[in-house]
Amino acid sequence: MRDRFDKEKLIGLIVGGISNEFSKEVINGVVNSIPNSSDIRLAILPGELMVQKYQSTGVAEHHAMFNSVYNLGNICKMDGLIIAMGSIGWQLNDDEIHDFLKQFDKMPLVLIASDYTEYTTVNYDNKSGIREAIDSLINKRGLNRICMIGGYDANVDSVRRKKIFIESLEENGIKFEDKFYVASDMSINSEEAAETLIRDNPDVQAIFCVNDASAVGLYNVMKKQGLTPGKEIQVIGFDNTRKAGELIPPLSSVGSQSVTLGQKALELLLEKIDGNEVESAVIPTRLYGRESYEYDRFDFSLRKFDEINVRYFEIMFEDCFYRYAGEHIGRESVNLKRLFCEVLSKMFDGLSKKYIGAEDFEEICQLIDIFFGNGAMEYTDVWKFLESVSRLQRIINDQQNGRENVLVNRMFIRMKDDAIKSISEMRIRENNENIEARSRFREFMIKGMNYSGNKESIQLDILNSMDLLGVQNSAFYMFEEPVVKADLDQKKYPEYINLVSVIKAGSVYVIPKARQKRPMSDIFIQREIKIYNKRFVTFPIFYERILYGFLLLELTDDLYHKGEFYASQLGMLVHMVRIS
């Protein structure tokens with residue numbers, strides 16, 4: 001009888017690390033595009049930046065060991081692969097990159113942030129968003145002293161964004177000078193570049209950052225110097241990551257206008273898997289205004305109430321809840337866009353008729369509660385939402401007065417209260433989960449460091465305690481004999497690996513020795529993984545130059561920050577047991 005899981009597609013996603021904002025946005029874009037009921041499983045393979053220079057031997061070796069997960073994209077039975085080249089290979093030369101990509105030539109492949117024309121690629125249209133940003137700074141604000149924190153010359157997007165920045169200035173009559181630009185490492189550790197830029201340009205009015213991460217370093221420097229983004233200096237980033245909305249003040253940023261990089265990459269890959277011809281794609285970008293540079297792309301001013309229609313509300317929703325465009329809406333899900341439009345339609349209908357009854361008022365309030373109770377704030381940020389609501393509220397009150405306005409204002413207050421309550425509950429829940437996770441992990445480490453018994457019993461105790469990691473679903477594979485770095489460099493892996501334990505719905509199951517042996521090529525398609533892990537992340541379990549196995553963890557929000565730490569600590573424990 002044919003296994004029903006044979007019909008599933010296994011998609012691999014290679015990213016450079018899982019905790020950086022760019023990788024998180026790519027992962028979220030892919031994940032949100034996969035319906036829960038689909039036959040697609042996603043194997044995320046997060047390594048590190050592949051660098052052959054600029055690093056100490058120890059760091060380079062650590063990265064090389066971590067990057068052993070990349071080889072699984074070729075060894076294992078995957079139907080297709082997405083590679084975020086912008087986060088893993090931009091410090092390699094062309095020969096090194098082609099050697100890396102060559103191993104995947106036999107499978108459908110899509111690259112993100114790459115200019116290799118022989119491959120199917122997905123890139124941002126850097127030009128549209130950057131020009132919108134620079135044009136608005138110059139023509140709407142009248143600014144003319146605009147600088148840029150850039151990135152490495154080897155990075156494709158860094159080079160493109162610098163070129164577009166210079167062109168945008170000169171097209172607006174501003175001559176570019178070398179001191180207007182300082183390169184950074186494109187990470188949050190960009191403070192030195194920010195200090196240099198501000199020191200050499202004391203009259204700077206606005207700074208464009210090559211990505212959101214580099215803007216973090218700029219924020220830190222400005223804070224030390226008593227400068228506030230959005231006041232003394234306007235600040236704009238790129239990528240429009242979730243981090244942009246969490247900064248204080250929230251960072252204005254250029255990002256995808258509609259479809260995300262990850263969403264488009266998955267769409268193209270599935271077409272290729274089905275045997276269809278596809279073309280590389282360029283994703284349009286736009287500027288998303290926040291407090292670091294207050295900017296509205298759309299004119300939401302109201303002339304007459306009877307001119308307002310559903311399309312007006314749709315545009316407002318798309319502008320404010322911009323992340324919702326990449327969300328897959330299942331039959332069982334609440335359509336937040338439709339609900340938002342229904343709430344505002346009922347409010348404006350009451351204002352137009354100059355009558356909102358008690359039952360109407362209660363119904364609209366209930367719809368508002370449903371809207372926020374279904375996670376609406378996950379698709380926007382607090383400042384963006386509160387500013388949008390306050391703006392609409394001011395416009396209405398300027399045009400009309402009466403009893404209905406009082407009720408509508410109470411509805412707006414309810415929206416704001418629900419939004420703030422929703423964010424507060426998320427923060428409280430995250431804090432409580434972090435406290436609980438630290439306590440569980442401490443207990444796990446204590447058990448793992450008990451070396452009073454024989455190696456087999458110690459290892460069994462570690463396996464039985466893995467539920468203390470707080471992971472709901474996972475699989476832990478170990479080699480019969482560890483693999484050393486010299487073999488990894490030549491991509492020599494054992495033919496078989498042992499599945500030693502799994503976690504199903506939070507409960508640990510240690511696999512009997514007689515059932516542990518599995519082909520390396522099948523680690524992503526075993527029944528234990530298929531049923532419980534539709535989207536999972538793979539971490540190498542290693543210590544120094546020795547690879548012991550792989551840990552597959554179900555993708556959850558906290559895994560972005562904890563996954564690598566869990567894997568490194570487990571690697572240390574396994575190593576200590578081996579040498580004890």
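Residues numbered from 1 in each chain as written. Predicted model: local features only at pLDDT ≥ 70, side-chain atom pairs only at ≥ 80, totals over all residues. Heavy atoms only, no water.

Draft legend 1. View of the overall build of the protein. Along the backbone of the protein there are 20 helices and 18 strands. The buried share of the protein, taken over its 580 residues, is 54%. Across the protein, the fraction of contacts at a sequence separation of at least 24, relative to all contacts at a separation of at least 6, is 74%. Element-wise, carbon and sulfur atoms account for 47% of the exposed surface of the protein, whose accessible area totals about 26,500 Å². (Helix = DSSP H or I, 4+ residues; strand = E, 2+ residues; numbered from the N terminus. Buried < 20%, exposed > 50% of the residue type's maximum accessible area, 1.4 Å probe, protein only. Contact = heavy atoms within 4.5 Å. Areas by Shrake-Rupley, 256 points an atom, 1.4 Å probe, with all protein chains shown as cover.)

Draft legend 2. Molecular detail of the confidence of the model for the protein. Averaged over all residues, the pLDDT of the protein equals 87, while 91% of them reach at least 70. In the model of the protein, helix α19 (residues 527–532) stands out as the element of lowest mean pLDDT, 65, in contrast to strand β8 (residues 206–209), which has the highest, 98. (pLDDT = per-residue confidence, 0-100.)

Draft legend 3. Representation of helix α11 (residues 261–273) within the structure. The end-to-end C-alpha separation of α11 is 18 Å, in line with the 18 Å expected for 13 residues at 1.5 Å each. Burial in α11 covers these residues: Leu261, Gly262, Gln263, Lys264, Ala265, Leu266, Leu268 and Leu269. The elements touched by buried residues of α11 are β1 (9–15), α1 (21–31), β3 (80–84), β4 (109–112), β5 (120–124) and β11 (281–283). Once α11 finishes, Gly275 follows within two positions and takes phi at roughly 90°, a positive value. (Expected span 1.5 Å × (residues − 1).)

Draft legend 4. Inspection of the packing of helix α13 (residues 336–353) against helix α14 (residues 358–373) at higher detail. Between α13 and α14, the least distance of the axes is 10 Å, while the angle of their chain directions is 155°. Comparing their axes, α14 and α13 come out roughly antiparallel. Considering how the two elements wind past one another, α13 and α14 form a crossing that is left-handed. Where α13 approaches α14, its residues Leu336, Leu339, Phe340, Glu342, Val343, Lys346 and Met347 are matched on the opposing element by Glu363, Ile364, Leu367, Ile368, Ile370 and Phe371. Here the residues of the contact of α13 with α14 sort into ten nonpolar, no polar and three charged. (Axes fitted to C-alpha atoms, helices over the stretch in contact; angles between N-to-C directions. Parallel < 35°, antiparallel > 145°, perpendicular 65-115°, else oblique. Left-handed = near helix turned anticlockwise from the far one by under 90°. Nonpolar A, V, L, I, M, F, W, Y, C, P; charged D, E, K, R; others polar.)

Draft legend 5. Structural context of the packing of helix α12 (residues 310–320) against α13. Running from N to C, α12 and α13 point in directions that differ by 130°, and their axes come no closer than 9 Å. Between α12 and α13, the angle is such that the two are oblique. The handedness of the crossing between α12 and α13 comes out as right-handed. Where α12 approaches α13, its residues Val310, Phe313, Glu314, Met316, Phe317 and Glu318 are matched on the opposing element by Leu336, Lys337, Phe340, Cys341, Leu344, Ser345 and Phe348. Residues that form the contact of α12 with α13 fall into these classes: nine nonpolar, one polar and three charged.

Draft legend 6. Inspection of the sheet that holds strand β9 (residues 234–238) at higher detail. Taking strand neighbours across the sheet as the criterion, the six strands line up as β7-β6-β8-β9-β10-β12 in an open arrangement whose pairing is mixed. Looking along the sheet, the strands with just one partner apiece sit at the ends: β7 (181–183) and β12 (285–288). Across the sheet, the mean angle from the axis of one strand to that of its neighbour is 20°, orientation sign disregarded. Here β9 runs beside strand β10 (residues 252–256); their pairing, made up of three bridges, is parallel. Counted as the bridge partner of Gly237 is Ser253 from β10. Helix α6 (residues 126–140) contacts β6 (146–150), β8, β9, β10 and β12 of the sheet and is inclined by roughly 35° relative to β12. Against the sheet, helix α9 (residues 212–224) engages β6, β8, β9 and β10, with an angle of about 155° to β9. (Pairing = 2+ DSSP bridges.)

Draft legend 7. Broad picture of the side chain of Thr241. Looking at where Thr241 falls in the secondary structure, it is placed in the loop between β9 and α10 (242–246). Those residues in contact with Thr241 that lie beyond four places of it in its chain are Glu21, Glu25, Asp212 and Arg323.

Draft legend 8. Structural view of helix α8 (residues 191–200). Listed in full, the buried residues belonging to α8 are Ala193, Ala194, Leu197 and Ile198. Relative to the axis of α8, the buried residues are bounded by an arc of 125° and lie together on one face. Along α8, the residues that are exposed and aim more than 90 degrees away from the buried face are Glu192 and Arg199. Of the surrounding elements, those touching the buried residues of α8 are β6, β7, β8 and α9. (Arc of directions from axis to C-beta.)

Draft legend 9. How the structure looks around the packing of aromatic side chains. Counting across every chain of the model gives 23 aromatic pairs. Between the aromatic rings of Phe340 and Phe371, the centroid separation amounts to 5.8 Å while the plane-to-plane angle is 40°, which identifies the pairing as tilted. Of this pair, Phe340 sits in helix α13 while Phe371 sits in helix α14, and the two are 31 residues apart along the sequence. Taken as a pair, Phe340 and Phe371 share a single burial class, namely buried. Where Phe371 meets Phe372, the ring centres are 5.0 Å apart and the plane angle is 90°; that geometry is what we call edge-to-face. (Phe/Tyr/Trp six-rings, centres within 6.5 Å; stacked < 30°, edge-to-face > 60°.)

Draft legend 10. How the structure looks around the pattern of salt bridges. Applying the stated criterion to the full structure yields 26 salt bridges. Residues Lys77 and Asp522 are paired through a salt bridge, measuring 3.0 Å at the closest nitrogen-oxygen approach. Taken as a pair, Lys77 in the loop between α3 (72–75) and β3 and Asp522 in the loop between β16 (517–519) and α19 lie far apart in primary sequence, 445 residues in all. Among the salt bridges present, the one from Asp319 reaches Arg286, with a minimum N-O distance of 2.9 Å. Note that Asp319 is positioned in helix α12 and Arg286 in strand β12, a separation of 33 residues in sequence. Accessibility expressed as a relative area gives 2% for Asp319, which makes it buried. (Salt bridge = Lys/Arg side-chain N within 4 Å of Asp/Glu carboxyl O.)

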